[in-house]
Amino acid sequence: MDVLGWIIVIALFLIGMAGAIYPILPGVVAIYFALFVYGWFFTFEHYNALFWIIQTLILVMLFVADYAVNAWGVKKLGGSKASIWGSTIGLIIGPFVIPAFGLVIGPFVGAFLGEMLAGSAPGKSVKVGLGSLLGLFSSIVVKIVLQLAMIIIFFVWIF
């Protein structure tokens, strides 16, 4: 049973890290769930209130950062609320419509169309679309760093 427990924990960590790049995967939720899986298979004794506070704060920061960093990229280059919504919709739908490149094309097209619908010129709309990509890539970096921090904290805490 120990081997199975570790396989599930490591698999959830890997799914979580992949989710930092591919938003269809559960990302940080998989990592957080891995903490419980470890407890169920082995023990919750290693965890204390501080551990759960730290991990939960990182989880909340990731949820907030995921939206805020993307919106920041769009706003940084003059985007409207319509382009923020378009970018978010494109981020969700893009990978389904264009599996290989939808993660990058979706937010760009969504922000571009949102800005065009808001009445902006095509040049500004392209600039805002590029801002959505800046936000996307910044968000990915933030997610990778914070999710790695969760995993490192887990291993430090149990050993």
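Residues numbered from 1 in each chain as written. Predicted model: local features only at pLDDT ≥ 70, side-chain atom pairs only at ≥ 80, totals over all residues. Heavy atoms only, no water.

Some thoughts on the overall build of the protein
Consideration 1: A tally of regular secondary structure across the protein gives six helices and zero strands.
Consideration 2: From first element to last, N terminus to C terminus, the protein shows the α and β order α-α-α-α-α-α.
Consideration 3: If one aligns the C-alpha atoms of the protein with their principal axes, the spans along those axes are about 60 × 30 × 15 Å.
Consideration 4: Counting over 159 residues, the protein shows a buried share of 42%.
Consideration 5: Taking the contacts inside the protein whose residues are at least 6 apart along the sequence as the reference set, 66% of them involve residues at least 24 apart.
Consideration 6: For the protein, the computed accessible surface area is about 8300 Å², with 81% contributed by carbon and sulfur atoms. (Helix = DSSP H or I, 4+ residues; strand = E, 2+ residues; numbered from the N terminus. Buried < 20%, exposed > 50% of the residue type's maximum accessible area, 1.4 Å probe, protein only. Contact = heavy atoms within 4.5 Å. Areas by Shrake-Rupley, 256 points an atom, 1.4 Å probe, with all protein chains shown as cover.)

Some details on the packing of helix H3 (residues 49–76) against helix H6 (residues 122–158)
Consideration 1: Packing of H3 against H6 leaves a shortest axis separation of 7 Å and a crossing angle of 170°. With respect to each other, H3 and H6 are oriented roughly antiparallel.
Consideration 2: A per-class count over the contact of H3 with H6 returns 20 nonpolar, nine polar and two charged. (Axes fitted to C-alpha atoms, helices over the stretch in contact; angles between N-to-C directions. Parallel < 35°, antiparallel > 145°, perpendicular 65-115°, else oblique. Nonpolar A, V, L, I, M, F, W, Y, C, P; charged D, E, K, R; others polar.)

Examining the environment of Trp6
Consideration 1: The residue Trp6 is located in helix H1 (residues 2–21) in this model.
Consideration 2: Judged by relative accessible area, Trp6 falls into the partly exposed class, the value being 26%.
Consideration 3: Distance in space between the C-alpha atoms of Trp6 and Tyr38 is 7.5 Å, their sequence separation being 32 residues.

Describing the nonpolar core
Consideration 1: Counting residues in hydrophobic clusters, the biggest one holds 22 residues, and the most contacted among them are Val9, Phe13, Tyr47, Met150 and Phe154.
Consideration 2: Going through the elements one at a time, H1, helix H2 (28–41), H3 and H6 are the ones with two or more residues in this core.
Consideration 3: Residues in contact with Phe13, not counting those within four places in the same chain, are Ile31, Ala34, Ile151, Phe154 and Phe155. (Core = buried A, V, L, I, M, F, W, Y, C linked by side-chain atoms within 4.5 Å.)

A few points about the packing of aromatic side chains
Consideration 1: If you walk through the whole model with that rule in mind, you get 23 aromatic pairs.
Consideration 2: Seen from their ring centres, Tyr38 and Phe42 are 4.9 Å apart, and the 35° between their planes marks the pair as tilted.
Consideration 3: By relative accessible area, which is 6% here, Tyr38 ends up buried.
Consideration 4: The class of Phe42 is partly exposed, set by a relative accessible area of 26%. (Phe/Tyr/Trp six-rings, centres within 6.5 Å; stacked < 30°, edge-to-face > 60°.)

A look at the pattern of salt bridges
Consideration 1: Enumeration over the complete set of coordinates arrives at one salt bridge.
Consideration 2: For Lys124, the salt bridge identified is with Glu115, shortest N-O distance 3.7 Å.
Consideration 3: On the basis of relative accessibility, which here comes to 36%, the residue Lys124 falls in the partly exposed class.
Consideration 4: Look at Glu115 and you get buried, because its relative accessible area is 2%. (Salt bridge = Lys/Arg side-chain N within 4 Å of Asp/Glu carboxyl O.)

Topic: H2
Residues three or four positions apart in an α-helix share a direction because the helix packs 3.6 residues into each turn.
Consideration 1: Over its 14 residues, H2 extends 20 Å from the first C-alpha to the last, a length consistent with the 20 Å expected when each residue adds 1.5 Å.
Consideration 2: Those residues of H2 that sit buried are Val28, Ala30, Ile31, Tyr32, Ala34, Leu35, Val37, Tyr38 and Gly39.
Consideration 3: In this structure, the buried residues of H2 make contact with H1, H3 and H6. (Expected span 1.5 Å × (residues − 1).)

A word on the environment of Gly39
Consideration 1: Secondary-structure assignment places Gly39 in helix H2.
Consideration 2: For the pair Gly39 and Lys124, spaced 85 residues apart in the sequence, the C-alpha separation amounts to 51 Å.
Consideration 3: Beyond its immediate chain neighbours, meaning those up to four positions away, Gly39 contacts Phe44 and Tyr47.

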